[in-house]
Amino acid sequence: MTYFLEYTIPAPVGADEFEFPHDEINSGTTIPLSETRAEHVHAPELPARTGIIGATVPEAKLEAEQLLGHSRATAGALYVDPSNSLQAGVGTLVATFREGIGWQDEAAADQ
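Residues numbered from 1 in each chain as written. Predicted model: local features only at pLDDT ≥ 70, side-chain atom pairs only at ≥ 80, totals over all residues. Heavy atoms only, no water.

Q: Account for the packing of aromatic side chains, naming residues and giving values.
A: Applying the stated criterion across every chain, the model contains 1 aromatic pair. For the pair Phe 97 and Trp 103, a centre-to-centre distance of 5.1 Å together with 55° between the ring planes defines the contact as tilted. Residue Phe 97 is classed as buried on the basis of its relative accessible area, which comes to 12%. The ring of Tyr 79 has Arg 49 sitting right over it, with the charged end atom 5.6 Å from the ring centre. (Phe/Tyr/Trp six-rings, centres within 6.5 Å; stacked < 30°, edge-to-face > 60°. Buried < 20%, exposed > 50% of the residue type's maximum accessible area, 1.4 Å probe, protein only. Lys NZ or Arg CZ within 6 Å of the ring centre and 35° of its normal.)

What follows is the structure, encoded as structure tokens:
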């Protein structure tokens, strides 16, 4: 089974936001810091969707908790997605996680 963890990464400690160089030629895209001196795009947080491949639900939850701990994120949503899409919200929501509360299984995933 392929699971995906969706979460939001907060800005680093001591920083209010992430900073990305903006590509003025290709509007709406970003490029690596080493390739530009252009103006910057600022974001207070980053959305992420990370694949957890070949796991059972308990294994996926354990891996997801470890990923969240390393990312500074305090919450996440675990999806099962046979299409292996990197698009947010694709698949069936299995469970949600909140730091200090733990996992909350979704009723639809139990069917």
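Q: With reference to specific residues and values, describe unusual backbone geometry.
A: The phi torsion at Arg 72 lies on the positive side, around 75°, for a residue other than glycine. By secondary structure assignment, the location of Arg 72 is in the loop between α1 (57-71) and β5 (75-80). With a relative accessible area of 39%, Arg 72 lands in the partly exposed category. Unusually for a residue other than glycine, Asn 84 sits at a positive phi of about 60°. Mapped onto the secondary structure, Asn 84 falls in the loop between β5 and β6 (92-98). (Helix = DSSP H or I, 4+ residues; strand = E, 2+ residues; numbered from the N terminus.)

Q: Go over α1 with me, naming the residues and quoting the values.
A: The first and last C-alpha atoms of α1 sit 21 Å apart over 15 residues, in line with the 21 Å expected at 1.5 Å per residue. All buried positions along α1 are accounted for by Ala 60, Lys 61, Ala 64, Leu 68 and Ser 71. Summarising the axial view, the buried residues of α1 lie within an arc of 100°, below the 170-degree limit, and thus occupy one face. Opposite its buried face, α1 presents the exposed residues Pro 58, Leu 62, Gly 69 and His 70, each directed more than 90 degrees away. Residues of α1 that are buried in the fold lie against β1 (2-10), β4 (45-53), β5, β6 and β7 (102-105). Downstream of α1 by one or two residues, Arg 72 has phi in the positive range, about 75°. (Expected span 1.5 Å × (residues − 1). Arc of directions from axis to C-beta. Contact = heavy atoms within 4.5 Å.)

Q: Run through the nonpolar core, naming residues and quoting values.
A: Among soluble globular proteins, nonpolar side chains are generally buried collectively. Of all hydrophobic cores here, the largest spans 16 residues; its most connected members are Tyr 3, Leu 5, Tyr 7, Ile 52, Ala 60 and Leu 68. When residues of this core are traced back to their parent elements, those giving at least two are β1, β4, α1, β5 and β6. Ignoring any residue separated from it by four or fewer positions in sequence, one finds Ile 52 in contact with Met 1, Thr 2, Tyr 3, Leu 5, Ala 60, Glu 63, Ala 64, Leu 67 and Leu 78. (Core = buried A, V, L, I, M, F, W, Y, C linked by side-chain atoms within 4.5 Å.)

Q: Break down the pattern of salt bridges for me, citing the residues and quoting the values.
A: Where charged atoms from two side chains of opposite charge come close, those side chains can pair. Applying the stated criterion to the full structure yields 3 salt bridges. In this structure, a network of salt bridges that share partners links the residues Glu 6, Arg 49 and Asp 81. (Salt bridge = Lys/Arg side-chain N within 4 Å of Asp/Glu carboxyl O.)

Q: Which residues make up the sheet that holds β1, and what values do they have?
A: Where strands meet in a sheet, backbone hydrogen bonds hold them as pairs that are either parallel or antiparallel. Spatial strand order, β4-β1-β5-β6-β7: 5 strands in an open sheet with antiparallel pairing. Whereas interior strands pair on both sides, the edge strands pair on one side only; in this sheet they are β4 and β7. When the angles between neighbouring strand axes are averaged without regard to direction, this sheet yields 25°. Sheet analysis places β5 next to β6, joined by 6 bridges and oriented antiparallel. The residue of β6 that forms the bridge with Ala 77 is Thr 96. (Pairing = 2+ DSSP bridges. Axes fitted to C-alpha atoms, helices over the stretch in contact; angles between N-to-C directions.)

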